[in-house]
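Structural features, examined
Each chain is listed here by its residues.
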Amino acid sequence: MLWVLFLLVAWAVAALSCLRLCLATAAAPPQAAAPEPARHTLNLYETAFLAGGPHRVADLALVSMHLRRRLLLAHTGWATVVDPEGRDEVERTVIRAIGPEGQSRIAPIRAAAAATDAVRALADRLVAAGLAVPHGTRTGVASAARAVRASAVLVVVLAGAAVLLPGRQPDGAGPVVAWFGLPLVLTLGCLAIARVENHPYSPWASPSGQQWLDSLPAPVSGADRDLLAAVAVQGVRAVEDPALRAALTGRRTGWSAHPGHYI
């Protein structure tokens with residue numbers, strides 16, 4: 001009856017991980033009325049953070065600087081400084097991330113800019129305004145969800161091990177699998193409920209922040225301002241220029257390692 005021990009382990013792991021996810025979700029900010037626009041007028045950086053987090057802010061800065069010819073973004077994935085004077089602190093952090101040589105690959109620029117004090121200060125302002133989810137809450141829910149997914153995988157592994165135990169009759173595999181199906185259903189059901197509760201909401205925006213995002217007009221293609229608004233809300237998928245999108249995503253054809261091939 002060694003399989004019973006496996007079953008107890010599966011139940012314990014599934015129950016504890018699901019309980020952890022429930023507690024983390026319960027600790028999330030409660031639903032609240034959306035703040036009045038007159039009190040909280042968001043700029044594009046703040047909108048980008050609520051919609052996609054720090055990396056969205058960095059992407060917005062890169063696109064903005066490219067459109068204004070402060071940077072050149074190459075489809076090969078390189079950025080080159082044209083104007084070393086940033087208009088705001090986020091742009092200045094991008095320039096500093098590129099380094100004194102004036103050229104760098106875009107991926108490390110994005111990562112460095114997303115982790116700067118300027119972006120953290122922006123996040124703190126949004127948290128203080130009740131529009132963004134505090135860092136600890138967000139990471140707690142994400143970590144708990146990963147634990148539930150890992151538990152589901154472990155249940156499947158334990159079920160397979162129980163079925164393959166030596167000395168088991170072939171016709172006894174069905175009841176064993178059925179017993180392990182119960183903790184598997186528990187973990188998958190918990191994940192499904194958590195996904196329904198949060199999808200399609202941004203993991204960065206609080207309920208009030210999400211209401212703010214939902215109240216924004218749909219971004220349209222056209223002038224640079226419209227493109228920047230679309231990037232803030234939708235990310236780089238809103239960029240229609242294939243060369244610029246390739247520079248930001250790293251998905252390109254006819255790749256060349258030379259940084260001098262510009263858009």
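Above this text you will find the structure in question.
As the structure is a computational prediction, the values presented were derived from the model and not from experiment. Every chain begins its residue count from 1, and numbering advances along the sequence as written. Note on the predicted model: pLDDT of at least 70 is required for a residue's local features to be given, and 80 or more for side-chain atom pairs to be given and counted; whole-chain, interface and lining totals, by contrast, use all residues. Side-chain measures were taken over the full set of non-hydrogen atoms in the model, leaving aside hydrogen atoms and water.

1. Topic: the packing of aromatic side chains
Side-chain rings of Phe, Tyr and Trp (the six-membered ring for Trp) are treated as a pair once their centres are within 6.5 Å; stacked means planes under 30 degrees apart, edge-to-face means over 60, and tilted covers the remaining angles. Considering all chains together, one arrives at one aromatic pair under this definition. For the pair Phe 49 and Trp 204, a centre-to-centre distance of 5.7 Å together with 65 degrees between the ring planes defines the contact as edge-to-face. Of this pair, Phe 49 sits in helix α2 (residues 44-52) while Trp 204 is found in the loop between α8 (173-198) and α9 (207-215), placing the two residues 155 residues apart along the sequence. Segments assigned H or I by DSSP are reported as helices when at least four residues long, segments assigned E as strands when at least two residues long, and all are numbered from the N terminus.

2. What to know about helix α11 (residues 242-249)
Each full turn of the α-helix corresponds to 3.6 residues, which orients residues three or four apart in the same direction. Only protein chains enter the area calculation, which uses a 1.4 Å probe; residues under 20% of their type maximum are buried, those over 50% are exposed, and those in between are partly exposed. For α11, the complete set of buried residues consists of Leu 244, Ala 246, Ala 247 and Leu 248. By definition in these notes, contact holds between two residues if any of their heavy atoms fall within 4.5 Å. Where α11 is buried, its residues touch α3 (54-67), β1 (71-73) and α5 (106-114). Counting of polar contacts relies on pairs of N or O atoms within 3.5 Å, with two restrictions inside protein: one atom must be capable of donating a hydrogen and the other of accepting it, and residues adjacent in sequence are counted only when both atoms are side-chain atoms. At the N-terminal end of α11, a side-chain oxygen is found 3.0 Å from the backbone nitrogen of Ala 243, two or three residues along, and the residue is Asp 241.

3. Describing the sheet that holds strand β3 (residues 103-105)
Picture the strands of a sheet paired through backbone hydrogen bonds; they go either parallel or antiparallel. Paired strands, as defined in this entry, are two strands with at least two bridges between them according to DSSP. Spatially, β1-β2-β3 is the arrangement adopted by the three strands of the open sheet, whose pairing is antiparallel. Each end of this open sheet is capped by a strand with a single partner; those strands are β1 and β3. Averaged over neighbouring strand pairs, the angle between their axes works out to 20 degrees when direction is ignored. Only the stretch in contact is used when fitting a helix axis, every axis being a line fitted to C-alpha atoms; angles between N-to-C directions are given from 0 to 180 degrees.

4. Focus on the packing of helix α4 (residues 89-98) against α5
Where α4 contacts α5, the axes come no closer than 9 Å and their chain directions differ by 130 degrees. If you check the angle between α4 and α5, you find them oblique. The way α4 lies across α5 gives a crossing that is right-handed. Here α4 contributes Thr 93, Val 94, Ala 97 and Ile 98 to the contact with α5, which in turn contributes Ile 109, Ala 112 and Ala 113. In this count, Pro and Cys sit with the nonpolar residues alongside Ala, Val, Leu, Ile, Met, Phe, Trp and Tyr, while Asp, Glu, Lys and Arg are called charged and the others, Gly among them, polar. Residues of the contact of α4 with α5, tallied by class, amount to six nonpolar, one polar and no charged. When describing relative orientation, an angle under 35 degrees is termed roughly parallel and one over 145 degrees roughly antiparallel, while 65 to 115 degrees is termed roughly perpendicular and anything else oblique. By the definition used in this description, the sense in which the near helix is turned from the far one sets the handedness, with an anticlockwise turn below a right angle giving left-handed and a clockwise turn giving right-handed.

5. Here we look at the environment of Arg 69
Its location among the elements puts Arg 69 in the loop between α3 and β1. Overall, the relative accessible area of 52% leaves Arg 69 in the exposed class. As for Arg 69 and Val 82, which are separated by 13 residues in sequence, their C-alpha atoms are 6.8 Å apart. Among the polar contacts made by the side chain of Arg 69, one reaches the main-chain carbonyl oxygen of His 66 at a distance of 3.0 Å.

6. A look at a nonpolar patch on the surface
Only residues whose relative accessible area exceeds 30% and that form no salt bridge enter a patch; like-charged residues are grouped when within 9 Å of one another, and nonpolar side chains (Val, Leu, Ile, Met, Phe, Trp, Tyr) when within 5 Å. Surface exposure here means Shrake-Rupley accessible area, sampled with a 1.4 Å probe, where a residue is shielded only by the protein chains that are shown. What makes a salt bridge here is a side-chain nitrogen of Lys or Arg within 4 Å of a carboxyl oxygen of Asp or Glu, nothing more. On the surface, Leu 2, Leu 5, Leu 8, Val 9, Val 153, Leu 154 and Val 157 cluster together into a nonpolar patch covering about 600 Å² of accessible area. Counting residues per element, the ones that place at least two in the nonpolar patch are α1 (2-26) and α7 (135-163). With four residues, the top contributor of residues to the nonpolar patch is α1. Summarising the element assignment, Leu 2 is placed in helix α1. Residue Leu 2 is classed as partly exposed on the basis of its relative accessible area of 44%.

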